[in-house]
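Summary of structural features
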Amino acid sequence: MDISVNSEIGKLNGVILHRPGIEIERMIPENIYKALYSDILNMDIAQREYALLEGVLQTITQVFYVTDLLAKILQDDKIKKQIVDDVCKMYSLNIQSQLMDMSAMSLSHVLIEGYSIGNHQYVIPPLYNLFFTRDASVSVLNRVMINDMKFETRVRESYLMQKIFQHYFHASTFRISASGVTIEGGDVLIAREDVLLVGNGCRTSKKAIEMLIEQLKGTSIKHIVVQQLPKKPDSFIHLDMVFTFLDKNICMCYQPLIAQPSQYTTTHIDMESGKVEEKTTLLEALQALCFDVQPIFCGGDDIWNQQREQWHSGANFFAIEPGKIIGYQRNIHTIHALHQYGFDIVEATDIISGKDSIDNHQRCVVTIPSNELPRGGGGARCMTMPINRENVIW
């Protein structure tokens, strides 16, 4: 499948997922903060909830899984040796022979779930965050950006995704990489084929954005809007935690940061002229670029509900196609606000069983149960990495 993503809302043709597995059960109180969690997840409950997300996506698009993709490229002995050597070098290990003796699928699991030598000491650490497939790589137009992420515990995610895109999809990739430079996929939103939104916060640095601008010269991207984000609390780690597109003229946002003036800057960069202009809000910047976008507020109109539901990824929706989105059921005030705006509320189980179809609705929000998954710190957009969408006619 070719890489082609020119918007956040085009009809989805292909997406990469990773079902949360045994790696999340290898978190203990001693290492949860290093693993970038604030609590320990229950794998069984998380998997049941995640199964509804993937079940919906399986009914409408082609779904690829990281574990399977990795196993397929590991069937090539040359690629397998290169990955084994690189991972052993990454962790200063001398266990190449043990890893090379494993089957491709077994090694794929080890590279994701971790590898221990006695008494649960993981010499290859588990990838606790891999089910948030959005962050390690980003489809930008017809290329894939491989991201240098903020924390060491996620570095191997980017490495493995780079190998998958190079050897399975044979995609054109580029990397933003330099000392002290970090960028993550939750901060990169393709508003339109000529407009990119980028969050600048605790995970994506200003220097990374400057390097991204250089990479995008000569492409269809003509405008970049940079939204500064609070460094705290943790629910603001990425732009897509406060803003996502739902349709050509509708967005979901956290009102205090996106829809009203604040201390956090919004900057419009014109790629052709080099002009840099400060805007009052992200919505104002979009309107100046001919987006007649109407905001729906995460948590509705009540400031307390807004804060509570933003904390549990209430603004983090994933578009299946224009006006048809997936999000967490638990954010009841957000879901109510969507319904008031004309979105039908559809349960994931009804889509999976065939009782209902997104084709039956002009606009809809497919809701997935969400008692455990939100405790991981992300929502439907965080858990999906689209690789192909149909172009949108604006």
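The structure presented is a predicted model; accordingly, all values stated were derived computationally and were not measured. (Residues numbered from 1 in each chain as written. Predicted model: local features only at pLDDT ≥ 70, side-chain atom pairs only at ≥ 80, totals over all residues. Heavy atoms only, no water.)

1. What to know about helix α2 (residues 66-74)
- Of all nine residues making up α2, seven are buried, and the element is well covered by its neighbours.
- Among the structural elements, β1 (12-17), β2 (62-65), α3 (77-90), α5 (104-113) and α6 (155-167) are those in contact with the buried residues of α2. (Buried < 20%, exposed > 50% of the residue type's maximum accessible area, 1.4 Å probe, protein only. Helix = DSSP H or I, 4+ residues; strand = E, 2+ residues; numbered from the N terminus. Contact = heavy atoms within 4.5 Å.)

2. Considering α5
- Of all 10 residues making up α5, seven are buried, and the element is well covered by its neighbours.
- If you check which residues of α5 are buried, you get Ala-104, Leu-107, Ser-108, Val-110, Leu-111, Ile-112 and Glu-113.
- Those residues of α5 hidden inside the fold are in contact with α2, α3, α4 (96-100), β3 (115-116), β4 (122-124) and α6.
- Downstream of α5 by a residue or two, Gly-114 has a phi angle that is positive, lying close to 100°.

3. Things to note about the layout of surface pockets
- Considering only enclosed or pocket space, the largest pocket measures out at about 620 Å³ in volume.
- Of the residues in the lining of the largest pocket, the class split is 11 nonpolar, eight polar and eight charged. (1 Å grid on protein atoms, 1.4 Å probe; cavity = no way out; pocket = protein on both sides within 12 Å on 5 of 7 lines; lining within 4 Å. Points joined across faces, edges and corners; volume = space filled by probe spheres on them. Nonpolar A, V, L, I, M, F, W, Y, C, P; charged D, E, K, R; others polar.)

4. Details of the sheet that holds β1
- Spatially, the three strands line up as an open sheet ordered β2-β1-β20, and their pairing is mixed. Single-partner strands in this sheet number two, and they are β2 and β20 (385-389). Pairwise comparison of adjacent strand axes, ignoring direction, gives a mean angle of 20° for this sheet.
- Looking at chain direction, β1 and β2 are connected through four bridges and run parallel. Among the inter-strand pairings, Val-15 is bridged to a residue of β2, identified as Val-63.
- Against the sheet, helix α1 (residues 43-60) engages β1 and β2, with an angle of about 150° to β1.
- Contacting β1 and β2, α2 runs over the sheet at an angle of about 65° to β2. (Pairing = 2+ DSSP bridges. Axes fitted to C-alpha atoms, helices over the stretch in contact; angles between N-to-C directions.)

5. What about the pairing of strand β10 (residues 223-228)?
- Counting buried residues in β10 gives five out of six residues, a clear majority hidden from the surface.
- Relative to β10, strand β9 (residues 195-200) runs parallel, the two being bridged by six bridges. Note on β10: the bridge partner recorded for Val-198 is Val-226.
- Bridge count between β10 and strand β13 (residues 266-270): five bridges; the pairing is antiparallel. Looking across to β13, one finds that Val-226 is bridged to Thr-267.

6. Comments concerning the packing of aromatic side chains
- Per the counting criterion, the structure on display carries nine aromatic pairs.
- On the basis of an interplanar angle of 35° and a centroid distance of 4.2 Å, the ring pair of Phe-131 and Phe-132 is categorised as tilted. Both residues of the pair, Phe-131 and Phe-132, belong to the buried class.
- Where Tyr-168 meets Phe-169, the ring centres are 4.9 Å apart and the plane angle is 80°; that geometry is what we call edge-to-face.
- The class of Tyr-168 is partly exposed, set by a relative accessible area of 29%.
- What links up through ring pairs into an aromatic cluster is the set Phe-64, Phe-165, Tyr-168 and Phe-169. (Phe/Tyr/Trp six-rings, centres within 6.5 Å; stacked < 30°, edge-to-face > 60°.)

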